[in-house]
Amino acid sequence: MKTAVIVFPGSNCDRDAHDALKKLTGKPPAMVWHKDGVIPEGTDLVMVPGGFTYGDYLRCAAMAANSPVISQLRDHAARGGYVLGACNGFQILTEMGLLPGALIRNASLHFVCRPQKLKVDSANTAFTSAYAAGSEIILPIAHAQGNYYADTATLDRLEGEGRVAFRYAAGENPNGAARDIAGVLSENGRVLGLMPHPERAVGGHEGGADGVRLFESLMAAA
Amino acid sequence: MTDTAAILAHLTAQQDPASGVEHGIKADEWERLVNRLGRRPNLVELGIYSVMWSEHCSYKSSRRHLAKFPTKGPRVIQGPGENAGVIDIGDGQAAIFKMESHNHPSYIEPYQGAATGVGGILRDVFTMGARPIALVNALRFGDPSHPKTRQLVSGVVAGIGGYGNCVGVPTVAGETQFDEGYNGNILVNAMAVGLADQDKIFYARGALPGLPILYVGSKTGRDGIHGATMASAEFTEGEEDNRPTVQVGDPFTEKLLIEACLELMATDAIQSIQDMGAAGLTSSSVEMADKGGVGIEMDLDAVPQRETGMTAYEIMLSESQERMLMILKPGKEAVAKAIFDKWDLDAEVIGVTTTTGRLVLKQFGQVVCDIPVAPLGEDAPNYDRPWTEPVKRPAFDIAKHAEPKDYGAVLLKLMSSPDMASKRWVWEQYDRHVMGDTIDSSQSGGDAAIVRVHGTNKALAICSDCNPHYVSADPYEGGKQVVAEAYRNLSAVGALPIAITDNLNFGNPEKPATMGQIVKAIEGMAEACRALDFPVVSGNVSLYNETDGKAIPPTPVVGGVGLIDDLSKTATLKGAREGDALILIGEATGHLGASLYARVWLGLKGDALGPPPPVDLETEKKNGTFIRSLIHKGLVNAVHDVSDGGIACAAAEMALASGIGVRLVGNREPEDTRDEACLFGEASALYLVAASEKQLKAWNSRGFMPGRLGVFGGDAVVLETGWGQDAPEFAVPLSELRAAYEGWLPGYMNAVG
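Residues numbered from 1 in each chain as written. Chains lettered and ligands numbered in written order. Predicted model: local features only at pLDDT ≥ 70, side-chain atom pairs only at ≥ 80, totals over all residues.

Let's talk about the overall build of chain A
In terms of regular secondary structure, chain A is built from five helices and eleven strands. For a compact globule of 222 residues, the expected C-alpha radius of gyration is about 17 Å, and chain A comes in at 16 Å, within 12% of that figure. Based on the C-alpha atoms only, the size of chain A along its principal axes is roughly 45 × 40 × 35 Å. Within chain A, buried positions represent 56% of all 222 residues. Residue pairs in contact within chain A that sit at least 24 positions apart in sequence constitute 74% of those at least 6 positions apart. (Helix = DSSP H or I, 4+ residues; strand = E, 2+ residues; numbered from the N terminus. Rg over C-alpha atoms; globule rule 2.2 N^0.38 Å. Buried ≥ 20, exposed ≤ 12 C-beta atoms within 10 Å, placed from the backbone. Contact = placed C-beta atoms within 7 Å.)

Considerations on the overall build of chain B
What chain B contains, in helices and strands, is 26 helices and 28 strands. For a compact globule of 753 residues, the expected C-alpha radius of gyration is about 27 Å, and chain B comes in at 26 Å, within 12% of that figure. Viewed in the frame of its principal axes, chain B has a C-alpha envelope of about 95 × 50 × 45 Å. The 753 residues of chain B split such that 63% are buried. In chain B, once contacts between residues fewer than 6 apart in sequence are set aside, the share between residues at least 24 apart is 84%.

Structural notes on the environment of N623 of chain B
Residue and element names in this part refer to chain B. Position of N623 among the secondary structure elements: in helix α22 (residues 617–632). The exposure class of N623 is buried, given the 23 C-beta atoms found within 10 Å. Dropping the residues within four chain positions of it, N623 is found in contact with I585, G586, A685 and Y687.

Digging into the interface of chain A and chain B
Every contact between the two is made by 23 residues of chain A and, on the other side, 27 residues of chain B. Of all the secondary-structure elements, those providing two or more residues to the side of chain A that touches chain B are α1 (14–25), β6 (112–120) and β7 (136–143) of chain A. Partitioning the side of chain A that touches chain B into residue classes produces ten nonpolar, seven polar and six charged. (Nonpolar A, V, L, I, M, F, W, Y, C, P; charged D, E, K, R; others polar.)

Concerning the pairing of strand β15 (residues 449–452) of chain B
For a regular strand, side-chain orientation follows a simple rule: the groups alternate between the two sheet faces. All names here are of chain B. Burial of β15 is two-sided: the residues A449 and V451 facing one way and the residues I450 and R452 facing the other way are all buried. Bridge count for strand β14 (residues 438–440) against β15 is two bridges, and the pairing is antiparallel. Each residue of the ladder has a partner; that of D440, found in β15, is I450. Counting the residues between successive antiparallel strands, the hairpin from β15 to strand β16 (residues 459–465) contains six residues, one of them, G455, with a positive phi of roughly 80°. (Pairing = 2+ DSSP bridges.)

Let's talk about the sheet that holds strand β6 (residues 187–197) of chain B
Residues and elements named next belong to chain B. One open sheet accounts for six strands, arranged β1-β2-β3-β6-β4-β5; its pairing is mixed. The open sheet has two edge strands with one neighbour each: β1 (76–78) and β5 (171–178). This sheet shows a mean twist of 20° between the axes of neighbouring strands, independent of strand direction. Bridging between strand β4 (residues 131–141) and β6 involves nine bridges; their strand directions are antiparallel. (Axes fitted to C-alpha atoms, helices over the stretch in contact; angles between N-to-C directions.)

With respect to helix α16 (residues 407–415) of chain B
Residues and elements named next belong to chain B. With respect to burial, α16 is a largely interior element, seven of its nine residues being buried. Buried residues of α16: Y407, G408, V410, L411, L412, L414 and M415, and no others. In this structure, the buried residues of α16 make contact with α21 (596–601), α23 (646–658), α24 (676–680), β27 (716–720), β28 (729–733) and α26 (734–750).

Observations regarding the sheet that holds β15 of chain B
Each strand in a sheet pairs with another by means of backbone hydrogen bonds, the pair being arranged parallel or else antiparallel. Residues and elements named next belong to chain B. Pairing within the open sheet is mixed, and its six strands lie in the order β14-β15-β16-β21-β17-β18. Only two strands of the sheet have a single partner each, and these edge strands are β14 and β18 (536–542). Here the average twist between neighbouring strands, direction ignored, is 20°. Two strands pair when backbone bridges link them, and strand β17 (residues 496–505) and strand β21 (residues 555–564) are joined in this way by nine bridges, in the antiparallel orientation.

Section: the environment of I7 of chain B
One can find I7 of chain B in helix α1 (residues 4–12). Taking the C-alpha atoms as reference points, I7 of chain B and T311 of chain B, 304 residues apart in sequence, are found 6.8 Å from one another.

Looking at the pairing of strand β11 (residues 191–194) of chain A
Residue and element names in this part refer to chain A. The two faces of β11 match: V191 and G193 on one face and L192 and L194 on the other face are all buried. Relative to β11, strand β4 (residues 82–86) runs parallel, the two sharing four bridges. The residue of β11 that forms the bridge with G85 is G193. Sheet topology places strand β10 (residues 181–185) next to β11; three bridges connect them, and they run antiparallel. For G183, the partnering residue across the bridge sits in β11 and is L194.

Re helix α8 (residues 110–126) of chain B
Helix length check: α8 of chain B, at 17 residues, gives a terminal C-alpha distance of 24 Å against a target of 24 Å (1.5 Å per residue), a fit within 8%. A large share of α8 of chain B lies buried, amounting to 17 of its 17 residues. (Expected span 1.5 Å × (residues − 1).)

Here's the deal with unusual backbone geometry
Residues and elements named next belong to chain B. Despite not being glycine, D344 has its phi angle at roughly 55°, a positive value. Mapped onto the fold, D344 is located in the loop between α14 (333–342) and β11 (346–354). Despite not being glycine, D533 shows a phi value in the positive range, around 50°. Take D533: it is sitting in the loop between α20 (512–531) and β18.

Here's the deal with the packing of helix α19 (residues 475–491) of chain B against α20 of chain B
Residue and element names in this part refer to chain B. Interaxial distance between α19 and α20 falls to 7 Å at its minimum, and their mutual angle equals 40°. Compared by their axis directions, α19 and α20 come out oblique. Considering how the two elements wind past one another, α19 and α20 form a crossing that is right-handed. Contacts between α19 and α20 involve P475, Y476, E477, G478, G479, K480, V482, V483 and A484 from the first element and Q517, K520, A521, I522, E523, G524, M525, E527, A528 and C529 from the second. (Parallel < 35°, antiparallel > 145°, perpendicular 65-115°, else oblique. Left-handed = near helix turned anticlockwise from the far one by under 90°.)

Thoughts on the packing of helix α4 (residues 43–52) of chain B against helix α12 (residues 280–292) of chain B
Residue and element names in this part refer to chain B. Here α4 crosses α12 at 75°, and the two axes come no closer than 10 Å. For the element pair α4 / α12, the angle class is roughly perpendicular. When α4 is examined against α12, the residues I48, V51 and M52 are found in contact with a partner set consisting of T282, S283 and V286. Of the residues in the contact of α4 with α12, the class split is four nonpolar, two polar and no charged.

Treat this as a map of the structure, not an account of what it does.
Written out as structure tokens, the structure reads:
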């Protein structure tokens, strides 16, 4: 699987994404600088990493979603390429309109970093096929604005079309997200945005290893 | 339109002693200044002297005592005197670290004060070429019942998180304590640890004449003017009016600055570099000039400015954040500017180094400052302040206090007391995992965080420690204990303690009793550093932590760094298994003076608390070495050092962390008729260990006499007391203990009113 990671000013999970992709795919991803970088031809997966692009000033992800590299990302998605946005990356994907809904301030008004219990809601996707449907996993979260919001019709449609990939485990919603939604898919199932950090859960440290199967799913699909 | 003539007349007007006093320059210092200069200073020059000679920049009250610290060792590459300390961690790599206070600003404006404290300490570390890999903070707040405490906790924690989370450096460890002694002066000490290659370390020293001076980062504004002077004076009521002197942080710009500086450092462009911290452009330029033995000439009109009409005085004293000053090698301007342009950061050549040894500043084409550099630093006042020997407290006699009827109630009360209770509410607001190398953090409640050296199987262990109650009770023994506790915390995870950074927080040094605390605490710490081969490589002094004449408890905080050679050979407090024995390493002397038990259960204060436990440094070293060898041989499942709350609280923490109960008896002596001391007594050089019978058989514990205190199992902490079959025992279910331990801080922070 050929991968790339976009680097914005203020991205801070770009190195983590790089290391996770290198470890799991065996090849380092192309690191694409937002200003003049080019997503290499033949890239299967573009990862939009977490961080605080442009300091989250104005509104988180609002400025990154208008950066020069975004048109290439749109083209990649339009071609049916895989896109994975974690945390701030998820926020960027919703700001771009590649995914529906928005991420608003955590209900607690506090930043929250903790090992988060999740339910794999739909295992029938390119990002989750290596998990058992309904299984419980733990991925680290770290965000202040992860409260997923969309109107009722959109939420109904996402659920109806099996596009809720991950939910926070019952009673463990860390941010007030609608219907405990932690990650959603695009209509074609090839763009995933989620608040938890799968790249921080690839083994060998406090984040655990439950993110590995997400990348394994992708490798099987790509 | 700016009236340049009027500004210049204002700036160059000759000043008098009264103006000196307004700038914190006392009469004798004024005399010294005029003598050195051969004339009276103008306003810009006076401003520069006032910050350079402030306590904060000059260490004038502490300098001669700080010299008592051992600062050298086989692993020390750079001791105190640069932006941060540097130690050799093998394989051509170095760990670079320092701790610094941001106490005064955090009390006035908690969010920005704490945030900029984090930003400042990060700059100290990446200025030297290190990529920051970990943040730690040591916080002290007033009594929970004080009306300001909740707001201060909330603001400080949000500020630390707001900054550290955004720059993407994990906050992995810390301590948060409460005491009425901090009601008027909270302490916010932040530590940063970075990694660098030994051949890519950058210093403030080494400047040569004839080189360009590059200003990089945020524009200069009017914020923070005279912050260093504020940090060198006592508070009085209404101090909130000082808010304009608190700087505002921009972690996004800091993140760009880190990446841009590290990118430039990978080239061969920088001769010397200094971040603009306290006293901003003044101290950064003067320190580089002083250390390099060169002069500096700067055109302040070239300084990127946020506002119009700023004067040379304001530009030189501004403490606007996220700025760096570097002296470039010849012809490297274009390389540097291209990199900063990529990161959308301002970078302007604002001057040149000279052979004159003078600091010459121009604004609007006119010289507004022309003073010799050397007296600013080297000739700064260096006082031998009068001090008095701290008074020894009478011994603590437990017999004067009733024995508790229910030891389980004692355990619950201690474990849910503000100092002991879980700080989850705090550390869940910090990103502990970014950078992907956090092996163990506050999350596990361990003694020290473990952060992997990126791309290797090695790690650094990092902790911060200070028991101010011990230091109050006996500055010398308490000072020893501060260092010894850091040594224990690092040893308890299997790390070899390498070096410390210190952050000495005290009251007004012009008061002999306070100065006595400073002197004796430093001497005690220095003795422990020597005995434990644990040198001081960097540090910070924060004095004048007083409000309306009332000083904080003496709080010399230590940040310790240790090295783990092999990540498979570590331990934490959370690995105990069903059936493991609970083993005590060290001699529990049952000392209750200055203990958590005396403070929280008995409600004692001040001298009634008695003296702290004495510290035997030889034993400390011996036991630490033994613990590390057990960990390295894989002969333990969990380790925890015994500190506040004694054996019972340490065992309870191990039980909570592993989710398995424990049944224990205190370290009783045949003559003991009561159990407070053996359960809750504190000492030094003590560790609790969980080990299986099989592991125990493989121990070679000759000379250590490990004591078997109990066994892990069940779902309660059971304290056995007394002698014989019918002796009472007290069981506290883990669920109840956890609710009390986890419940206090969120309950306090979320309470209404």
